[in-house]
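# Notes for the structure review
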Amino acid sequence: MAAVQVAGSLPSGQPREAPREAIPERGNAFRRLSARLCALRPDDSSSARTEIHLLFDQLISENYSEGSGVAPEDVSALLVQACRLVPLNQNHLVSKVSQLIHHLLNRLQVIVDEQHLDFLLAYTISAIHQCSSWTHMEILQALAALVYCNGSKCQKYLPELLGKTGLLMKLSDLAQSDPEVRRAAVHCMANLCLSMPGQPYLEEPYQNICFQAFLTILQSPKSSDMDDITFCMLLQNALKGIQSLLNGGRMKLTQTDELGALLAVLKKFMFHGLPGLNIEMPTVLYPTPLPQYDGRTPIKPQQSESSASRPTLNKKKKSKVKPKKIQQGEEEEKESSGEIEAASVTGTGRVNLHEGNTWSPSSLGVQSLPLDGSGAAGKDGVSSPFSSSSWKRVSSSESDYSDAEGGMQSKMRSYQAKVRQGALVCFLSTIKSIEKKVLYGYWSAFIPDTPELGSPQSVSLMTLTLKDPSPKTRACALQVLSAILEGSKQFLSVAEDTSDHRRAFTPFSVMIASSIRELHRCLLLALVAESSSQTLTQIIKCLANLVSNAPYNRLKLSLLTKVWNQIKPYIRHKDVNVRVSSLTLLGAIVSTHAPLPEVQLLLQQPCSSGLGNSNSATPHLSPPDWWKKAPAGPSLEETSVSSPKGSSEPCWLIRLCISIVVLPKEDSCSGSDAGSAAGSAYEPSPMRLEAFSSLPNDRQILCITVLLGLNDSKNRLVKAATSRALGVYVLFPCLRQDVIFVADTANAILMSLEDKSLNVRAKAAWSLGNLTDTLIVNMETPDPSFQEEFSGLLLLKMLRSAIEASKDKDKVKSNAVRALGNLLHFLQPSHIEKPTFAEIIEESIQALISTVLTEAAMKVRWNACYAMGNVFKNPALPLGTAPWTSQAYSALTSVVTSCKNFKVRIRSAAALSVPGKREQYGSVEQYARIWNALVTALQKSEDTIDFLEFKYCASLRTQICEALIHLLSLASASDLPCIKEILELNGNMVQSYIVQFLKSGAEGDDTGAPHSPQETDQMVRMALKHMGSIQAPAGDTARRTIMGFLEEILAICFESSGSQGALPGLRNQ
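Residues numbered from 1 in each chain as written. Predicted model: local features only at pLDDT ≥ 70, side-chain atom pairs only at ≥ 80, totals over all residues. Heavy atoms only, no water.

- In the nomenclature of an unreviewed UniProt entry, the protein corresponds to HEAT repeat-containing protein 6 from the organism Papio anubis.

Shown next as structure tokens:
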């Protein structure tokens, strides 16, 4: 009885009921029923069981909702009391209390606290062991609700649940006879894998167990005793579990077979239930740079492009129908999807929690994918995959579906669509958890290529975008495509189709170019066909990502013209998010490989051309080759809106952007919407330098004033775009020498660096890097007035902010270290002599050293090595004598010998060759370590397991050879013995690479312009001349050995080139 008395109060000893004000009526009802339940004591009589049944029924039947005044701890305490009243030999009561646990936690959105979780888990696990099998379904539902976001708090029970003979492992096994129980067990496992931000993750061994279990489920065919809907729900739970592991658990897919197996099942279920398509996939997808491996069964001809035109053929008729009419696919989605539309779109879906299998759009990040690396476009920022828990638990009611008019078919279509969405969301999480260079090995498996004449188009993400009846699935597919395209500029840069290739094989560059063309074609088809504003926004964002990364200077003309002409009408679209993304796409176009002649001609196009009311989805299209024709004399209308070459009036796009910021916002625009449009309008492009320079002085001042004012905006998208625009303006030659403007810009950027938004901080860090580049440019001008007038206090402030930013996320850190290197390079002797600068200089260099050595993104480490080289360029810094000297060189030598990324190695070798005086390399021992590290790096210059790094091998060897020759040209007499010792061991290897370096010249890849063979030859001659000038002790053979080594190198080169005249004279010296 003592235990029962404790159950009636909270374990903390505090009273259960505390006085509350204005408690809603539903909260009062819960308290009355809770008080009655707590007054009961365990009793096995028939009347007591009846009373408990009735109380449970009343508690379940109450109409609960979030914010109903019921405290989470009260719910947990009531559930503990309910379990204590129900012995495990009463199957019906156990089933009822399990329903109560599931119902209350689900409806009130309660995550059970640790105080009560232990008891409730022990009870439910014991119930599964002891109760009849018909109760297992309800008990597992209760268990799933209990472990939701509590995986890290269940350590005590994980061996019993997930061990080799664990409860959930047995119940989720393929041999489990009851398909509903199997599905519920998988649902429990998925909820165990889910963790909230800031909480510990599930331990790695259990992560691997769950991952293999989910993967096995996805690879297994549907059993004969399982109906289609249960199978769909099983698949959804397995996909949700893998997504949770990749997002919350930070699970890394390092094995090729493991990643390939996951991608194979994801591609299979991306098309699950899609009408007219049945795809067969191999067990594992292997990476390949060519699109020849598709791994699918042949598709019937009716599934080719002609059938991809969904309800697009009647598009013009559709636009005349009343707005309430929607596509058949959307109508089905509204009736049966059970998902929540994004807030920015008129709600066509309704909330329908069912069995934890509704994929929330917030978890999909709908309308939230960034358009570039900094993500400055769109109405919403990237949301957390778990920001909504609307799908998290089970609703046992099936009454949302009507049996009339094919209700079951509609329900089936809805569940199949959710499987496709689940696979796409899981794919999105997979993309974020692997390196891009690994992802691009699977490019041809998911990105379309131009089909051969007469052959069907490959099944890809564009298949879903064009054919899927569900607008939410189409939006998901576009998000995945955007994530693949984001940051793909280097991969796509190899594309080329400017000339006709008549070869027996298709070059890789032509294949990529073909893929880019096909993406343009399909996305423009989707743009015209789409009627859902939410999905339309995603199409335009995806186009902007494609435009930002495609190498149009290497592609045939007219691709950008087609995009430009089709997007212009959407600037006036009725949905503000479509208008915002349209402006962002236009910004991406004018930013492309400036100055691109095609874009210059597009900017001269009058604003009336192709610009109409886009409430109809079909835009007016100009002829595809209009840009080839020189514009004739403009009409009266065009004269009033266009910007003639000699006119000071800006083009229509600039005036549109200014009007969005300056003019009052439309009534239909909320403050947030207007802010998004302003942010998109002020997302800058390199073309604006010419436009800015041509503006009158008062207009230039207006632009600067508006930008500095917008930097105080509370809208983070506006603030991010403003920070980036300032970072571009500060590079303008007409502004960068204005000390006041540079100082004002620096203060604005430093303020943005402290913003809570990662997007704002990332843009501000990029702009700070640009601003410090400007400082270096100004330092190199003959006029020293800028350095003298620039505030030392502001420099201190910038250094402190950059140090803090170097501890931030990689997006911020990469530019923060760039800024640190520039600032330390810019410091004048007058600054360095001040005591206030001594500590900050030490902190700055330590921040760079730690970033060079950290396991951060390779871009971050590359920038850190680059920054270190900039530091070495400042002759006023005590390089060689300061305590940090050895740490800096140690970090760089560690990277040059062991970093897996060759571009980072190249940059570290370049930094090691920056110091111009022997004393800057420190002691003899320090010099010997650097020399030895460079020789070791040269020896290991082909040691890589990543074939993508091989293309940088030659550049790495070139840079190391330059560094070695540079070190020889500075060596002192005391350095010669260590050089001789290393040459005796590895002289032949070093000699062969230096000879190769001299013959070919330095290849310009990562460190600047290439050297000619004459320049490289002169470098060796200078080193040889320096060796000859060293006064070595009598009897010292080291100098003679090194000179002989260099002379032999020159002799080999001269013999191979057939000119030997200059060598004897040099020897006589």
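## Section: the overall build of the protein
- Across its full length, the protein carries 50 helices and zero strands.
- Buried residues in the protein amount to 58% of all 1069 residues.
- By sequence separation, contacts in the protein at least 24 residues apart represent 76% of the contacts at least 6 residues apart.
- Total accessible area on the protein is roughly 44,600 Å²; 53% of this is exposed by carbon and sulfur atoms. (Helix = DSSP H or I, 4+ residues; strand = E, 2+ residues; numbered from the N terminus. Buried < 20%, exposed > 50% of the residue type's maximum accessible area, 1.4 Å probe, protein only. Contact = heavy atoms within 4.5 Å. Areas by Shrake-Rupley, 256 points an atom, 1.4 Å probe, with all protein chains shown as cover.)

## Details of helix 17 (residues 407-433)
- Compared with an ideal rise of 1.5 Å per residue, which puts 27 residues at 39 Å, helix 17 spans 39 Å between its outermost C-alpha atoms and is within 8% of the ideal.
- Burial analysis of helix 17 places 23 of its 27 residues in the buried class, the great majority of the element. (Expected span 1.5 Å × (residues − 1).)

## Notes on helix 42 (residues 858-872)
- In this model helix 42 runs 21 Å from its N-terminal to its C-terminal C-alpha over 15 residues, within 8% of the 21 Å that 1.5 Å per residue would give.
- The element helix 42 is largely enclosed, with a buried count of 12 among its 15 residues.
- The elements touched by buried residues of helix 42 are helix 39 (810-826), helix 41 (835-853), helix 43 (884-898) and helix 44 (902-912).

## Comments concerning the environment of alanine 864
- Mapped onto the secondary structure, alanine 864 falls in helix 42.
- Taking C-alpha positions, alanine 864 is 9.0 Å from asparagine 815, a pair spaced 49 residues apart along the chain.
- Excluding residues within four positions of it along the chain, alanine 864 makes contact with Val817, Leu848, Thr851 and Val852.

## Quick notes on the side chain of threonine 851
- Take threonine 851: it is sitting in helix 41.
- Residue classification places threonine 851 among the buried residues on the basis of a relative accessible area of 3%.

## Things to note about the packing of helix 7 (residues 136-147) against helix 10 (residues 179-193)
- Contact geometry for helix 7 and helix 10: axes closest at 8 Å, N-to-C directions at 10°. Comparing their axes, helix 10 and helix 7 come out roughly parallel. Residues His136, Met137, Leu140, Leu143, Ala144, Ala145 and Val147 of helix 7 form the contact with helix 10, whose own contacting residues are Glu180, Val181, Arg183, Ala184, Ala185, His187, Cys188, Asn191 and Leu192.
- Tallied by class, residues from the contact of helix 7 with helix 10 come to 11 nonpolar, three polar and two charged. (Axes fitted to C-alpha atoms, helices over the stretch in contact; angles between N-to-C directions. Parallel < 35°, antiparallel > 145°, perpendicular 65-115°, else oblique. Nonpolar A, V, L, I, M, F, W, Y, C, P; charged D, E, K, R; others polar.)

## A closer look at the nonpolar core
- Membership of the largest hydrophobic core comes to 178 residues, with the highest contact counts inside it found for Leu140, Leu168, Phe214, Trp443, Ile484 and Ile589.
- In terms of residue count, helix 12 (residues 228-247) provides more of this core than any other element does, 11 residues in total.
- In contact with leucine 140, other than residues within four places in its own chain, are Ile128, Leu168, Leu171, Val181, Ala184, Ala185 and Cys188.
- Phe790, Ile841, Leu877 and Ala963 belong to the second largest nonpolar core, which has 127 residues in total. (Core = buried A, V, L, I, M, F, W, Y, C linked by side-chain atoms within 4.5 Å.)

## As for the environment of leucine 85
- Here leucine 85 lies in helix 4 (residues 72-85).
- Each C-alpha atom of the pair leucine 85 and valine 97 lies 9.6 Å from the other, and the pair is 12 residues apart in sequence.
- Not counting residues within four places of it along the chain, the set of residues in contact with leucine 85 comprises Leu37, Leu40, Arg41, Pro42 and Ile52.

## Notes on the pattern of salt bridges
- Under the counting rule described, the total for this entry stands at 20 salt bridges.
- Put simply, aspartate 773 and arginine 818 hold a salt bridge, and the shortest N to O gap is 2.6 Å. Taken together, the positions of aspartate 773 in helix 36 (residues 758-779) and arginine 818 in helix 39 put the pair 45 residues apart, joining distant regions of the chain.
- The exposure class of arginine 818 is buried, given its relative accessible area of 12%.
- With a shortest N-O distance of 3.7 Å, glutamate 984 and lysine 980 are connected by a salt bridge. Note that glutamate 984 and lysine 980 are positioned in helix 47 (residues 976-1000) at a spacing of four residues, about one turn of the helix. (Salt bridge = Lys/Arg side-chain N within 4 Å of Asp/Glu carboxyl O.)

## Structural notes on the packing of aromatic side chains
- Applying the stated criterion across every chain yields a total of 14 aromatic pairs.
- Centroid distance tryptophan 443 to phenylalanine 491: 5.1 Å. Interplanar angle 55°. Geometry classified as tilted. Of this pair, tryptophan 443 sits in helix 19 (residues 443-446) while phenylalanine 491 sits in helix 22 (residues 489-492), and the two are 48 residues apart along the sequence.
- Seen in terms of ring centroids, tyrosine 921 and tyrosine 927 are 6.3 Å apart; in terms of plane orientation they differ by 85°. Their pairing is edge-to-face.
- Taking relative accessible area as the criterion, tyrosine 921 reaches 0% and is therefore assigned buried.
- When the ring centre of phenylalanine 446 is taken as origin, the NZ or CZ atom of lysine 267, which lies over that ring, is 5.8 Å away.
- The aromatic ring of tryptophan 766 is capped on one face by arginine 724, whose charged end is 5.1 Å from the ring centroid. (Phe/Tyr/Trp six-rings, centres within 6.5 Å; stacked < 30°, edge-to-face > 60°. Lys NZ or Arg CZ within 6 Å of the ring centre and 35° of its normal.)

## Quick look at the packing of helix 45 (residues 924-939) against helix 47
- Closest axis-to-axis distance for the helix 45/helix 47 pair is 10 Å, and the angle between their directions is 25°. In this view, helix 45 runs roughly parallel relative to helix 47, as classed from their interaxial angle. By crossing handedness, the relation of helix 45 to helix 47 is classed as left-handed. Contact residues: helix 45 offers Tyr927, Ala928, Trp931, Asn932, Val935, Leu938 and Gln939, while helix 47 offers Cys978, Ile979, Ile982, Leu983, Asn986, Met989, Val990 and Tyr993. (Left-handed = near helix turned anticlockwise from the far one by under 90°.)

## Re unusual backbone geometry
- The backbone of glutamine 109 shows a phi angle near 55°, a positive value even though the residue is not glycine.
- Following the sequence through the fold, glutamine 109 ends up in the loop between helix 5 (91-107) and helix 6 (114-130).
- A relative accessible area of 18% places glutamine 109 in the buried class.
- Unlike most non-glycine residues, serine 558 shows phi in positive territory, near 95°.
- We classify serine 558 as buried; its relative accessible area is 15%.

## Concerning the environment of glycine 487
- Here glycine 487 is to be found in the loop between helix 21 (471-485) and helix 22.
- Sequence separation between glycine 487 and lysine 436 is 51 residues, and the spatial gap between their C-alpha atoms is 8.0 Å.
- Once you skip the residues sitting within four places of it in the chain, glycine 487 turns out to touch Lys436, Tyr440 and Asn549.

## Overview of the confidence of the model for the protein
- In the predicted model, the protein carries a mean pLDDT of 77, and 74% of its residues have values of at least 70.
- Counting interchain partners and residues more than four positions distant, the pLDDT-below-50 stretch residues 1-24 has 32 contacts.
- Segment residues 666-672 is flagged for pLDDT under 50; beyond a separation of four residues in sequence, or across chains, it makes nine contacts in the model. (pLDDT = per-residue confidence, 0-100.)

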